[in-house]
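Now for the letters of each chain:
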Amino acid sequence: MSDLKAQFEQAQKDVRKLTKKPSDNDLLALYSLFKQATEGDASGARPGMLNVVARAKYDAWAKLKGTKNDAAMKQYIAKVEELQKKLG
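Caption draft 1: Representation of the packing of helix α1 (residues 3-15) against helix α2 (residues 24-39). Viewed as axis vectors pointing N to C, α1 and α2 meet at an angle of 155 degrees, and their least axial separation amounts to 13 Å. As judged from the angle between their axes, α1 and α2 are roughly antiparallel. Relative to α2, α1 is oriented so that their crossing is left-handed. Facing α1, whose interface residues are Phe8, Gln12 and Val15, α2 presents Leu30, Phe34, Ala37 and Thr38. Broken down by class, the residue content of the contact of α1 with α2 amounts to 5 nonpolar, 2 polar and no charged.

Caption draft 2: Quick peek at α2. The terminal C-alpha atoms of α2, which comprises 16 residues, lie 22 Å apart, in line with the 22 Å expected from a rise of 1.5 Å per residue. Listed in full, the buried residues belonging to α2 are Asp26, Leu30, Ser32, Leu33, Lys35, Gln36 and Ala37. Residues of α2 that are buried sit in contact with α1, α3 (52-62) and α4 (69-87). A positive phi of about 85 degrees marks glycine 40, the residue just after α2.

Caption draft 3: Molecular detail of the nonpolar core. Formed by 16 residues in total, the largest nonpolar core has its most connected members in Phe8, Val15, Leu30, Tyr76 and Val80. At the level of elements, α1, α2 and α4 are the ones that each hand at least two residues to this core. Here this core takes 7 residues from α4, the largest share from any one element. Beyond its immediate sequence surroundings of up to four residues, valine 80 is in contact with Ala11, Asp14, Val15 and Leu30.

About the criteria used
- For every chain, the first residue of its written sequence is number 1, and the numbers climb from 1 along that sequence.
- Per-residue local features of the predicted model are confined to residues with pLDDT of at least 70, and side-chain atom pairs are confined, for both listing and counting, to 80 or more; whole-chain, interface and lining totals are unaffected and use all residues.
- Side-chain metrics rest on all non-hydrogen atoms present in the structure, leaving aside hydrogens and water.
- Axis geometry follows a simple rule: fit a line to the C-alpha atoms, using only the stretch in contact for helices, then measure angles between N-to-C directions, giving values from 0 to 180 degrees.
- The helix and strand labels rest on DSSP assignments: H or I over at least four residues marks a helix, E over at least two residues marks a strand, and numbering proceeds from the N terminus.
- An angle below 35 degrees is read as roughly parallel, one above 145 as roughly antiparallel, one from 65 to 115 as roughly perpendicular, and any other as oblique.
- By convention the crossing between two helices is left-handed if the near helix lies anticlockwise of the far one by an angle smaller than a right angle, and right-handed if it lies clockwise.
- We call two residues in contact whenever any of their non-hydrogen atoms come within 4.5 Å of each other.
- Any residue that is not Ala, Val, Leu, Ile, Met, Phe, Trp, Tyr, Cys, Pro, Asp, Glu, Lys or Arg is counted as polar, Gly included; the first ten are nonpolar and the last four charged.
- A helix is expected to reach a length of 1.5 Å times the quantity of its residues less one.
- Buried residues are those whose accessible area, probed at 1.4 Å on protein chains only, stays under 20% of the maximum for their type, while exposed residues exceed 50% and partly exposed ones sit between those limits.
- Take the buried residues of types Ala, Val, Leu, Ile, Met, Phe, Trp, Tyr and Cys, join any two whose side-chain atoms come within 4.5 Å, and each joined set is a nonpolar core.

Structure, rendered in structure tokens:
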């Protein structure tokens, strides 16, 4: 397993240990970076207007189109580290 992949997996564990809940924007960032790192570009149809949460998640993920998996992993790790400093 590569060092980056190990750091990414550790960040996934660390984010669950935060003492305070991240903001909605931070959660969307984490979600979209995770999806981009693990699945690549957004796929499927954009959720309808009435499904506000799913639509916001899809849109956040779609904004990362073209971002390489490794770059998304690095950004995810950095975001988790930022949240650990901010939220504990």
